[in-house]
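# Coordinate analysis (summary)
Here are the chains, one letter per residue:
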Amino acid sequence: MPLYHNDDQAMLKDSVAPFVAEQAPVSHLRKLRDSADATGFSRALWTQFTEMGLPGMLVPEEHGGLGMGHMEAGIVLEEIGRNLTPSPFLSTSVGAVAALARAGGTQAGRWLPAIASGEAIVALAIDEGAKHRPDRIASTATRAGNGFRLDGKKSFVLHGHVADISIVAAKTDGGITLFAVPKDAKGLTADPRRLVDSSLASHVTFDGVEVDADAVIGEVDAGQDILDALLAATRTGAAAEMVGVGQGAMDMTVNYLKERKQFGKLIGEFQGLQHRAAHLYGEMEVARATVMKAQQLLDEGSEGAKLMVSVAKAKAGRAANLAVREGLQMHGGIGMTDEYDIGFYMKRDRALAEYMGDVHYHIDQVARMNGY
Amino acid sequence: MSELDAFRTEVREWLEANCPAEMREPVRDEGDVCWGGRDWVFKNDAQKQWLEACVAKGYTVPDWPKPYGGAGLTPEQTKVLKQEMKRIHARSPLDSFGIWMLGPALLQFGTEEQKVEYLNPIARGEIRWCQGYSEPGSGSDLVSLQTFGEDKGDHWVVNGSKIWTSYADKADWIFCLVRTDKANKYQGITFMLFDMASKGVTTRPILLISGNSPFCETFFDDVEVPKTQFIGEINRGWDVAKYLLGHEREMISGGGAGGDMVSIGGAFAKAFGKNAAGELDDPILRAEMAAFDVDVFAYRAMGERFMDMWKTGRAHPASSNMMKYVGTELNKRRHELVMSGGGSEALEWDSEETKGGARARGWLRTKANSIEGGTSEVMLNVIAKRILDLPGA
């Protein structure tokens, strides 16, 4: 399969790109922030997403979705990134769908159609500290009555305070088990925190939360494989979104180089800036190719996907970070003002870079997967 | 089964039957690379047999049309062939500047007669070509070249000198940029072809910091070149040269630097030892190697995407400059890490254990990657101007 978008994918991009740019440009984010929006995204916009069938892109057709792949979801995420659009798409339509579709069973039958129809928002409760360490999950689920009792603390749970369910990873006797925990469960507290990029992520406490046995996603103790599917999808999605963030910042910056005059010249005439912009272009192109490769391998169900997902998260992280740093510097003083948009890109990049493992985490993973 | 799957099966069977076991071993030294040419001495029967099998099938130049010695494969089929060769670690049957550079220029600009006359011997490995571009006074500013061909009616008389001519001392013919109009900088250069055995051609190898001499200075002293031996139009050789430089950058970026790189940390873990946690026993070097590996795997994906797009006309025409820049800088970084990983052993210059200082010499050789075929700085200039459309670039 060639590593570029086929005709159907190009058509998808042609319809999604103008839609996101018109309905949810950076001014949309600014408006939500300035109104101290308590949801973290616009439900009206999510309804529009639903009208286009986007929330169920990855949902298998038998559950009411479009049965598309990560390459297609990546097209949407790149536009979300380019426009800094606040949206539950990544956690709900990518991460949660990957987990539920992998697990099958009761929870998949219940929530996949609800995601596809735009009714359900799902949060991913994985992290437990300031850094992403999914191999050291300490939250516990102990058998109680007909079901389980959950105890522990989760952090960096995007949309955790509004999601209909959270997918929670917890330790059980013989391994990891994933649970679908409804938001009104007794003993569950979601404490939303405003992050640097104006998004809302919750600290979620599980204090003896009781759930039925059928809240288990997949099988008891066999959650690692489902968690891996969730992580691979979400990391790849975050990487695609970062490519959008980086590209948006780069385009803005290159345009600025063609408009801003100093010393009687357009600053884009200075070789000192030209070479840095050209270097950035190369890094962004490599990041884009890498993310596409990870998407392709995931869609093929290839064994090589895991390595490439970490490579993609790390590479997109590096490239987008360079794009926003160079963007801010090349804009000069105006880039430091809240009024100008480039700072929003820097903030969003920082939050996405941390989500589901930062550059350092994934570089370390690449070393491990190569046996050192 | 799709047509492409059927082709894959066919290729797999053909390779199994025709690629000798010795030709599936890694390339160990320069003699393992088959360059062909009038004076070529095969290292062993397997090398000869492998070349002949590929020549008969058109697989030395699989995507060239059949009348010119190729197999007439589509880009998709060519990719399958390369994948299948890679799968069994098959060596390239024939490496040559004729395949990588002159061939594409002839296919684009040559007359039908020229294509038949020059491409077939390239495909068969009979004529080895070298490239006469740079001059002592014309490096990055190539178009300032001074080697001059004086018009003598039915022939030119060429005088001047070229530098950095790869393997000029081993080549049979040269494709050479020669000024034919001193008044017109860009439209005063002709892309000539001539025999290195012509009277008045001499070569002198240049000793490099690596201690090796892959490049030569080449001198032309009243060399007569028939006025039929040029590509494109007289005085319009710069168009051909520019086209060809794109291919050179494609070659350097696609195959030469990074395309086939494997995990550097993985390789060193075997040689270096690991700590109790199973990690490379030097945490900072491990981190640098892992960060480098990320860039290697990322660049491999870029190489795949670039080739997929390039072969189907989807790539930006200047994107080979980006590939060349990223790939060569990556390769230089790799060799810095190879030296760090190798420690004092890697410093040895001529010991038998180090295969004659292979690491040290290889490391020094890579420093030219970002100079030859257009410096990194020139690549960045081109990206700024042609891709980013920055002003005044």
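Note that the structure is predicted; figures quoted are calculated from it, not measured. (Residues numbered from 1 in each chain as written. Chains lettered and ligands numbered in written order. Predicted model: local features only at pLDDT ≥ 70, side-chain atom pairs only at ≥ 80, totals over all residues.)

### Brief notes about the environment of A346(B)
Residue and element names in this part refer to chain B. This is how the line gets drawn: Think of it this way: any DSSP run of H or I at least four residues long counts as a helix, any run of E at least two long counts as a strand, and we number them from the N terminus. In this scheme every C-beta is placed from the backbone, and a residue whose C-beta has 20 or more other C-beta atoms within 10 Å is buried, one with 12 or fewer is exposed, and one in between is partly exposed. Whether two residues are in contact is decided by their C-beta atoms, placed from the backbone, lying within 7 Å.
Assignment of secondary structure puts A346 in the loop between α9 (319-342) and α10 (358-366). Since 18 C-beta atoms lie within 10 Å of it, A346 is described here as partly exposed. In this structure A346 touches V338, M339, R359 and A360, once residues within four positions along its chain are discounted.

### Remarks on the interface of chain B and chain A
Quick reminder of the rule: Any residue that is not Ala, Val, Leu, Ile, Met, Phe, Trp, Tyr, Cys, Pro, Asp, Glu, Lys or Arg is counted as polar, Gly included; the first ten are nonpolar and the last four charged.
Taken together, the contact pairs 34 residues of chain B with 33 residues of chain A. Counting residues per element, the ones that place at least two in the side of chain B that touches chain A are α7 (264-272), α8 (283-311), α9 and α11 (376-387) of chain B. Among the residues making up the side of chain B that touches chain A, the classes are represented as 22 nonpolar, four polar and eight charged.

### Observations regarding the packing of helix α9 (residues 305-331) of chain A against α8(B)
Just so we agree on the cut-off: An axis is simply a line fitted to the C-alpha atoms; with a helix, the fit covers only the stretch in contact. Between two such axes, the angle follows the N-to-C directions and lies from 0 to 180 degrees. With respect to orientation, any angle under 35 degrees is reported as roughly parallel, any angle over 145 as roughly antiparallel, any angle of 65 to 115 as roughly perpendicular, and every other angle as oblique.
In contact at an axis separation of 9 Å, α9(A) and α8(B) are set at 105 degrees when each is read in the N-to-C sense. It follows that α9(A) is roughly perpendicular to α8(B) by the angle criterion. In this structure, α9(A) uses M308(A), V311(A), A314(A) and K315(A) to contact α8(B), whose residues at the interface are V294(B), F297(B) and A298(B).

### Topic: the packing of helix α1 (residues 3-18) of chain B against helix α3 (residues 75-87) of chain B
Residues and elements named next belong to chain B. What counts here: Two helices that cross are described as forming a left-handed crossing if the nearer one is turned anticlockwise from the farther one by less than a right angle, and a right-handed crossing if clockwise.
Interaxial distance between α1 and α3 falls to 10 Å at its minimum, and their mutual angle equals 40 degrees. If you check the angle between α1 and α3, you find them oblique. For the pair α1 and α3, the sense of crossing is right-handed. Contacts between α1 and α3 involve L4, F7, R8, V11, R12 and L15 from the first element and E76, Q77, V80, L81, E84 and M85 from the second. Classifying every residue of the contact of α1 with α3 by side-chain character gives seven nonpolar, one polar and four charged.

### Examining the domain arrangement of chain A
Residue and element names in this part refer to chain A. Here is the rule: Reported domain spans reflect what an automatic or database domain assignment gives.
Domains assigned within chain A are domain 1 (7-119), domain 2 (123-221) and domain 3 (224-369). Summarising the inter-unit geometry, the C-alpha centres of domain 1 and domain 2 are found 22 Å apart. At the junction of the two partners, domain 1 supplies 17 residues and domain 2 supplies 15 residues. When contributions to the side of domain 1 that touches domain 2 are tallied by element, the ones reaching two or more residues are α2 (26-34), α5 (89-103) and α6 (105-116). Here the side of domain 1 that touches domain 2 gets six residues from one element, more than from any other, and that element is α5. Of the residues that constitute the side of domain 1 that touches domain 2, the class distribution is nine nonpolar, seven polar and one charged.

### Here we look at unusual backbone geometry
Residues and elements named next belong to chain A. The phi dihedral of A36 falls on the positive side, at around 50 degrees, and the residue is not glycine. For A36, a count of 8 C-beta atoms within 10 Å corresponds to the exposed category. The phi dihedral of H159 is positive, around 65 degrees, even though this residue is not glycine. For H159, the position within the fold is in the loop between β3 (147-158) and β4 (165-172).

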